[in-house]
Amino acid sequence: MNTLQLSIVHRLPQSYRWAAGMAGGAIELNTLAAEDDLIGLRLLSHDGAPAWDVMQKMRAMLAEIQVECAIVEWQGEPCLFVQRSDESAATVRLKNQGVAIAETFTAQPL
């Protein structure tokens, strides 16, 4: 069975940016909204080495549709970062390949 079809990712709630002089390797929280913001996707379904393998497959999948992204270790886990402007294309591509995108929601009192 395809490991991507068993994958669940969650969009990190913060915005990020490349650290000065470190594009492609280091990120930092971005407290001011900017056009070049990054969004991060974290795997909920895999840990350890399998998580890195799944992220590599996702990166290759996005490269096929010319969406630039990078895998960076963030808080001890591999995360996939894409430009905010490419978020829709990236999530549609991942969903079409069987990756589930976990949505954040808040419960409303009855």
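Reading the values: the criteria
- Counting from 1, residues in each chain are numbered in the order their sequence is written.
- Side-chain atom pairs in this predicted model are given and counted only at pLDDT of 80 or more, local residue features only at pLDDT of at least 70, and totals for whole chains, interfaces and linings cover all residues.
- Side-chain measures were taken over the full set of non-hydrogen atoms in the model, leaving aside hydrogen atoms and water.
- One speaks of a salt bridge when a side-chain nitrogen belonging to Lys or Arg is within 4 Å of a carboxyl oxygen belonging to Asp or Glu.
- In this description a helix means any DSSP run of H or I spanning at least four residues, a strand means any run of E spanning at least two, and both kinds are numbered starting from the N terminus.
- Between rings of Phe, Tyr and Trp, where Trp is taken as its six-membered ring, a pair exists when centres lie within 6.5 Å; planes separated by under 30 degrees are stacked, by over 60 edge-to-face, and by other angles tilted.
- The classification of residues rests on relative accessible area computed with a 1.4 Å probe and restricted to protein chains. Under 20% of the type maximum is buried, over 50% is exposed, and intermediate values are partly exposed.
- Among buried residues, the Ala, Val, Leu, Ile, Met, Phe, Trp, Tyr and Cys ones that are joined through side-chain atoms within 4.5 Å form a nonpolar core.
- When checking whether two residues touch, look at their non-hydrogen atoms; a contact exists if any pair is within 4.5 Å.

Looking at an unreviewed UniProt entry, one finds the protein chain named YejG family protein, with Mixta hanseatica as its source organism.

Draft legend 1. The arrangement of the pattern of salt bridges in detail. Within the structure shown, the criterion is met by four salt bridges. Among the salt bridges present, the one from Arg 11 reaches Glu 87, with a minimum N-O distance of 2.6 Å. You can see Arg 11 sitting in strand E1 (residues 8-11) and its partner Glu 87 sitting in helix H2 (residues 87-96), a full 76 residues away along the chain.

Draft legend 2. Region of interest: the packing of aromatic side chains. One pass over the structure, following the stated rule, counts two aromatic pairs. With a centroid separation of 5.2 Å and an interplanar angle of 80°, the aromatic rings of Tyr 16 and Trp 74 are classed as edge-to-face. Placement of the pair is Tyr 16 in strand E2 (residues 16-18) and Trp 74 in strand E5 (residues 69-74), with a sequence separation of 58 residues. With a centroid separation of 5.2 Å and an interplanar angle of 75°, the aromatic rings of Tyr 16 and Phe 81 are classed as edge-to-face. Residue Tyr 16 is located in strand E2, and its partner Phe 81 is located in strand E6 (residues 77-83); the two are separated by 65 residues in the primary sequence. The exposure class of Phe 81 is buried, given its relative accessible area of 1%.

Draft legend 3. Representation of the nonpolar core in the model. Ranked by size, the top nonpolar core spans 19 residues in total, and within it Val 9, Leu 43, Met 58, Leu 62, Leu 80, Val 82 and Leu 94 carry the most contacts. Looking at this core, the elements with two or more residues in it are strand E4 (38-43), helix H1 (48-64), E5, E6 and H2. Among the elements that line this core, the one with the most residues is H1, at six residues. When sequence neighbours within four positions are dropped, the list of residues in contact with Leu 94 reads Leu 41, Met 58, Met 61, Leu 62 and Val 99.

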